[in-house]
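Examination of the molecular architecture
Each chain, letter by letter, is given below.
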Amino acid sequence: MYDATTREVEAPVPDESVAAAATPDPAPPELVVRGLRKTYEAETAPVRALRGVDLTVGRGEFVALMGPSGSGKSTLLHLLAGLDRADEGSVSIAGIRTEELSATRLARLRRRHVGLVFQFFHLIDHMSALENVALAALVAGAKPAEATERARDLLDTLGLLEKAGESPANLSGGQRQRVAIARALANRPTLLLADEPTGALDSDGAAEVLDLFTRMHRVGQTILMVTHSADVAAGAQRIVRMRDGVLLGEIATTGEQR
Ligand SMILES: Nc1ncnc2c1ncn2[C@@H]1O[C@H](COP(=O)(O)OP(=O)(O)OP(=O)(O)O)[C@@H](O)[C@H]1O
Ligand SMILES: [Mg+2]
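The rules behind these values
Here the residue numbers are simple positions, counted from 1 along each chain's written sequence. The order in which chains are written sets their letters, starting at A; the order in which ligands are written sets their numbers, starting at 1. Given that this is a predicted model, residues contribute local features only at a pLDDT of at least 70 and side-chain atom pairs are listed and counted only at 80 or more, while totals for whole chains, interfaces and linings are drawn from all residues. Secondary structure elements are defined from DSSP: runs of H or I of at least 4 residues count as helices, runs of E of at least 2 residues count as strands, and each element is numbered from the N terminus. The burial label depends on the number of other C-beta atoms within 10 Å of a residue's C-beta. Counts of 20 or more mean buried, 12 or fewer mean exposed, and intermediate counts mean partly exposed, with C-beta atoms placed from the backbone. Each residue gets a C-beta atom placed from its backbone, and two residues are in contact if those atoms lie within 7 Å. A strand pair is defined by DSSP finding two or more bridges across the two strands. Any residue whose backbone-placed C-beta atom lies within 6 Å of a molecule or strand is treated as near that molecule or strand. Fitted lines through C-alpha atoms give the axes, limited to the stretch in contact for helices. The angle between two N-to-C directions lies from 0 to 180 degrees. Should an angle fall under 35 degrees it is called roughly parallel, over 145 degrees roughly antiparallel, and 65 to 115 degrees roughly perpendicular, with every other angle called oblique. The hand of a helix crossing depends on one turn: near helix anticlockwise from the far one by less than a right angle means left-handed, and clockwise means right-handed. Only Asp, Glu, Lys and Arg are considered charged, only Ala, Val, Leu, Ile, Met, Phe, Trp, Tyr, Cys and Pro nonpolar, and every remaining residue, Gly among them, polar. As a per-residue measure, pLDDT reflects the predictor's confidence and takes values from 0 up to 100.

1. Focus on the overall build of the chain
Along the chain, the regular secondary structure elements total 8 helices and 10 strands. Burial status across the chain gives 40% buried among its 258 residues. Sequence separation of at least 24 residues holds for 69% of the intrachain contacts in the chain that already meet a minimum separation of 6.

In structure tokens form, the structure reads like this:
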């Protein structure tokens, strides 16, 4: 059974300020973003996609990120996932400051701590659902037998075991996204990032995926999810809003009580 609370978390290397404190905080927030800036050099004029983003996500929190198209949501997730580097600012994941890491160590942190779900699944159609998930576990360092077992376990938890041998091409949109979520969980990430995970789904598929995220949140998974849907966002504990590259006020939702 998938249980995010049982994941063995690598002890973060404390920075000097933490080491100097009399009682170091045993559990830093899962994600701390400070003053994050990113400008894209475009052909006409530079695009200031992030203009100083501050965000803290506690361990086990489920946060929805909303905002108009072009406000910088995907850019933020890409930086958090280590797919790109910020121009300025800091990102700490599981207590580890990423901007001081070499490319190799950043890739390792990403493999160990971050899971990423996209709008358009990006599954490999000539591999089965099980193989898609097992591959991610292999990349994260699991041995082949362990990777298969972990993939089977995840598909079982996500209600897809009977589809394990199918190509993703033969699955519904909601089922494909659940396979993609299983793949994102294959490295037992401490932080799950999702960029419009329900954006390409009909309302049934969206409900399936939201239900899954709610279940993962209940077992301790930290989730940051971008969505354009107020209904989907309402399933989160907290909604943060973005506009023109900065985060605006926060709204607590009733998702936690559901
Ligand atoms: N690789 C890139 N090169 C140049 N500009 C980019 C690049 N990626 C994003 N941008 C620009 O940066 C800004 C923020 O884009 P981003 O994709 O982060 O927005 P978003 O909030 O995710 O929008 P959407 O809701 O449409 O997905 C936009 O003006 C976009 O055109
Ligand atoms: Mg986007």
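Moving on from the coordinates now.
2. Thoughts on the sheet that holds strand 4 (residues 88-93)
Read across the open sheet, the 4 strands follow the order 2-1-4-5; overall the sheet is antiparallel. Every interior strand has two partners, whereas the edge strands, strand 2 (47-57) and strand 5 (96-97), have only one. Pairing between strand 4 and strand 5: 2 bridges, direction antiparallel. Opposite Ile 93, over in strand 5, you have Ile 96 as the bridge partner.

3. Examining the site of ligand 1
In the vicinity of ligand 1, the residues found are Tyr 40, Ala 42, Val 47, Ala 49, Gly 67, Ser 69, Gly 70, Ser 71, Gly 72, Lys 73, Ser 74 and Thr 75. Secondary-structure elements contributing two or more residues to the shell around ligand 1 are strand 2 and helix 2 (73-80). The biggest single contributor to the shell around ligand 1 is helix 2, with 3 residues.

4. A look at unusual backbone geometry
The backbone of Ala 94 sits at a positive phi, close to 50°, despite the residue not being glycine. Relative to the helices and strands, Ala 94 is located in the loop between strand 4 and strand 5. The exposure class assigned to Ala 94 is buried, which follows from the 22 C-beta atoms found within 10 Å. Backbone geometry at Glu 196 places phi at a positive 50°, although glycine is not the residue there. Topologically, Glu 196 is positioned in the loop between strand 7 (191-195) and helix 7 (203-218). Owing to 20 C-beta atoms within 10 Å, Glu 196 belongs among the buried residues under this scheme.

5. Let's talk about the packing of helix 4 (residues 129-139) against helix 6 (residues 173-185)
In the contact formed by helix 4 and helix 6, the axes pass within 7 Å of each other and the chain directions differ by 25°. By the angle between their directions, the pair helix 4 and helix 6 is classed as roughly parallel. In this structure, helix 4 crosses over helix 6, and the sense of that crossing is right-handed. Mapping the contact onto sequence places Ala 129, Asn 132, Val 133 and Ala 136 in helix 4 and Val 179, Ala 182 and Arg 183 in helix 6. Each residue belonging to the contact of helix 4 with helix 6 can be placed in one class, and the counts come to 5 nonpolar, 1 polar and 1 charged.

6. As for the confidence of the model for the chain
Of the residues in the chain, 86% reach a pLDDT of 70 or more, and the chain-wide mean stands at 86. Segment residues 8-21: pLDDT under 50, and 11 contacts once partners within four positions in sequence are set aside and those in other chains are kept.

7. Concerning helix 2
In terms of burial, helix 2 is a largely internal element, 6 of the 8 residues being buried. Along helix 2, the positions that sit buried rather than exposed are Lys 73, Thr 75, Leu 76, Leu 77, Leu 79 and Leu 80. Positive backbone phi, approximately 75°, marks Gly 82, located one or two places after helix 2.

8. Considerations on the environment of Ala 129
Here Ala 129 is to be found in helix 4. With 28 C-beta atoms packed within 10 Å, Ala 129 lands in the buried category. A C-alpha to C-alpha distance of 5.9 Å links Ala 129 and Glu 166, two positions 37 residues apart in sequence. Other than its neighbours up to four places away in sequence, Ala 129 contacts Leu 155, Leu 160, Lys 163, Ala 164, Glu 166, Pro 168, Leu 171 and Val 179.

9. Let's talk about the packing of helix 4 against helix 5 (residues 144-157)
When two helices pack together, their arrangement is given by the angle between the helix axes and by the axis-to-axis distance. It is at 8 Å that the axes of helix 4 and helix 5 come closest, and there the two elements cross at 125°. Considering their axes alone, helix 4 and helix 5 lie oblique with respect to each other. Relative to helix 5, helix 4 is oriented so that their crossing is right-handed. The residues of helix 5 that touch helix 4, namely those facing Ala 129, Leu 130, Val 133, Ala 134, Ala 137 and Leu 138, are Pro 144, Ala 147, Thr 148, Arg 150, Ala 151, Arg 152, Leu 154 and Leu 155.

10. Overview of the environment of His 217
Along the chain, His 217 turns up in helix 7. For His 217, a count of 23 C-beta atoms within 10 Å gives the class buried. For the pair formed by His 217 and Glu 61, sequence separation is 156 residues and the distance between their alpha carbons is 7.1 Å. If near-sequence neighbours (up to four positions away) are discounted, His 217 is found in contact with Phe 62 and Ile 223.

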